[in-house]
Amino acid sequence: MTIRPIDLNPSLAVALSTGSLLNGLHLKASSKINNNSDTSIRGLLSKKLEVLTETVTFFNAADMLWQDKDVRLDCNKEQLKLRNGEKLMEKLDSIEDTKANTGERGTLYVTNLRLIWISTQLARVNISLGYNCISNVSIRTTISKLRGSVESLYIYAKCSTARFEFIFSSLIPGSARLYAVVNSVFRAYDSSRLYREIKLRGAIVDSSSLKLLPDEQMFDNLEGVFNLTSDTGVLGGLFITNVRLVWYSALNDNYNISVPFLSIKVVRPNKTKYGPAMVVETFTDGATCNLGFRIDPPEKMHSTLQKVQNLHSLFSKSPIFGLREMRTEAQAVPDVLKDGGADGNQDAEAPAKTDALAMYYMDGGNRKDRRIIFSKEIGLAIEEPPNGMTLADLWNPL
């Protein structure tokens, strides 16, 4: 079961991709798409378009980073597998999913992109919760079938327009590692967005010098680079590192853009009205946009283009997400998170949970209204808050 931030139908996906990709350029399709045919979105995104003398193939959507942006339930082996660059930060045993699988013991794996909870009894009962969906992390007292009254970890998440609540409880008496580990990793993820997201007009350049991120290395610093996004073109400089491209205006350091390699689809040459240029195609939240840079002379632009393409290719094989490991020694990755890892419970038959997703909604998945009570705080009749919550708590989660 999967919840995705954006769910595009095939025709809209092609319209967004091609509309932003062309950006005023004339192109013709190399093959006609029959509107009456039942063509999947995977096939549509792999269609080739001829752009002047260049031919571009769209990336398959399945290859894009989703681990930190999705909430997925009952994942298969392929979805549980750690992707390139994803590292196991911490492993927490004896963790109960108190929200929907109360009384069931499991293991919580904390990676640099998401939280993965897997049931000990049946591995196909699992949760993949991306950090980008999390809005708040807190601790409250709840009731566990295995331990009774216990301090539990409450995680509030938002995916698309739906809001969710996850409750995890540690079954180890006196252990406070659950909240400490999850909260520290989530805060580290939230403070390292420059590794993964495009940033406009940030405080990243000072006196024409780039403020390097941890583990970031400078490869080139070019001057006299025109940004062709506007109609007139703006003169500035371009920094090339092992993590991102950063362009800034020569007249104003605060007029800049940081483009991490994680958000770049492809880098290619193209002919514009300003002459040969390097085009950087980016994608964010399902849409694409183009950035154009002109570098003189053409020989220098060609060498810069090759350098950026090589760095982008190397980065794709071993990406840097910005989070460092919490321990000095590397965590051993269990078989269930490895490619082709064997787990006897993964493929076992289990009853389908048609209402599994509803159990994580903020209202607890209730199918009937709660009883009406009188609230002394506001002097009105209200619906009784969920178990373990007060009226004040309802104003604080997000």
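Residues numbered from 1 in each chain as written. Predicted model: local features only at pLDDT ≥ 70, side-chain atom pairs only at ≥ 80, totals over all residues. Heavy atoms only, no water.

### Observations concerning helix α5 (residues 298–317)
Helical periodicity: at 3.6 residues per turn, an α-helix aligns residues three or four positions apart in one direction.
Piece 1. For α5, built from 20 residues, the straight-helix expectation of 28 Å at 1.5 Å per residue is met to within 8% by its first-to-last C-alpha distance of 29 Å.
Piece 2. Among the residues making up α5, those that are buried are Met301, Thr304, Leu305, Val308, Leu311, His312 and Phe315. Take α5 and look down its axis: the buried residues cluster within an arc of 135°, on one side only. Looking at α5, the residues exposed on the side facing more than 90 degrees away from the buried face are Glu299, Leu314 and Lys317. (Helix = DSSP H or I, 4+ residues; strand = E, 2+ residues; numbered from the N terminus. Expected span 1.5 Å × (residues − 1). Buried < 20%, exposed > 50% of the residue type's maximum accessible area, 1.4 Å probe, protein only. Arc of directions from axis to C-beta.)

### Considering the pattern of salt bridges
Piece 1. Here the structure, examined in full by the defined rule, presents 14 salt bridges.
Piece 2. Its salt-bridge partner being Lys69, residue Asp68 comes within 3.3 Å of it at the nearest N-O pair.
Piece 3. Using a relative accessible area of 1% as the deciding quantity, one classes Asp68 as buried.
Piece 4. The class of Lys69 is partly exposed, set by a relative accessible area of 29%.
Piece 5. Among the salt bridges present, the one from Arg72 reaches Asp70, with a minimum N-O distance of 3.1 Å.
Piece 6. For Asp70, a relative accessible area of 2% translates into the label buried.
Piece 7. A cluster of three or more residues bridged by salt bridges with shared partners is formed by Lys99, Arg140 and Glu165. (Salt bridge = Lys/Arg side-chain N within 4 Å of Asp/Glu carboxyl O.)

### A closer look at the confidence of the model for the protein
Piece 1. Per-residue confidence for the protein averages 78 on the pLDDT scale, and 73% of its residues sit at or above 70.
Piece 2. Scored below 50 in pLDDT, residues 1–62 shows 94 contacts in the model against residues more than four places distant or in partner chains.
Piece 3. Low pLDDT (under 50) marks residues 347–354, which in the prediction has nine contacts with non-local residues, meaning those over four places away or in another chain. (pLDDT = per-residue confidence, 0-100. Contact = heavy atoms within 4.5 Å.)

### Some remarks on helix α4 (residues 177–190)
Piece 1. Taking 1.5 Å per residue as the helical rise, α4 with its 14 residues ought to reach 20 Å, and the 20 Å between its terminal C-alpha atoms agrees with that figure.
Piece 2. Elements in contact with the buried residues of α4: β6 (88–97), β7 (105–111), β8 (114–119), β10 (134–144), β11 (148–159) and β12 (162–170).

### Structural notes on the nonpolar core
As a rule of thumb, soluble globular proteins bury nonpolar side chains together.
Piece 1. In this structure, Leu108, Val110, Leu115, Leu129, Ile155 and Phe166 are the most contacted members of the largest nonpolar core, which totals 33 residues.
Piece 2. Per element, the largest residue contribution to this core is six residues, and it comes from α4.
Piece 3. Not counting residues up to four positions away in its chain, the partners in contact with Val110 are Lys87, Leu88, Met89, Glu90, Leu92, Leu115, Tyr131, Val181, Val182 and Val185.
Piece 4. In this structure, Leu65, Leu222, Trp247 and Ile264 belong to the second largest nonpolar core, which totals 25 residues. (Core = buried A, V, L, I, M, F, W, Y, C linked by side-chain atoms within 4.5 Å.)

### Describing the packing of aromatic side chains
Piece 1. Scanning all chains against the criterion turns up six aromatic pairs.
Piece 2. Ring centres of Tyr131 and Tyr189 lie 5.4 Å apart, and the angle between their planes is 55°; on these two criteria the pair is classed as tilted. Separated by 58 residues along the polypeptide, Tyr131 in the loop between β9 (126–130) and β10 and Tyr189 in helix α4 bring together distant segments of the chain.
Piece 3. For Tyr189, a relative accessible area of 0% corresponds to the buried category.
Piece 4. When the ring centre of Trp66 is taken as reference, the NZ or CZ atom of Arg72 above it lies at 3.6 Å.
Piece 5. Of note, Arg196 hangs over the ring of Tyr189, and the distance from its end group to the ring centre comes to 3.8 Å. (Phe/Tyr/Trp six-rings, centres within 6.5 Å; stacked < 30°, edge-to-face > 60°. Lys NZ or Arg CZ within 6 Å of the ring centre and 35° of its normal.)

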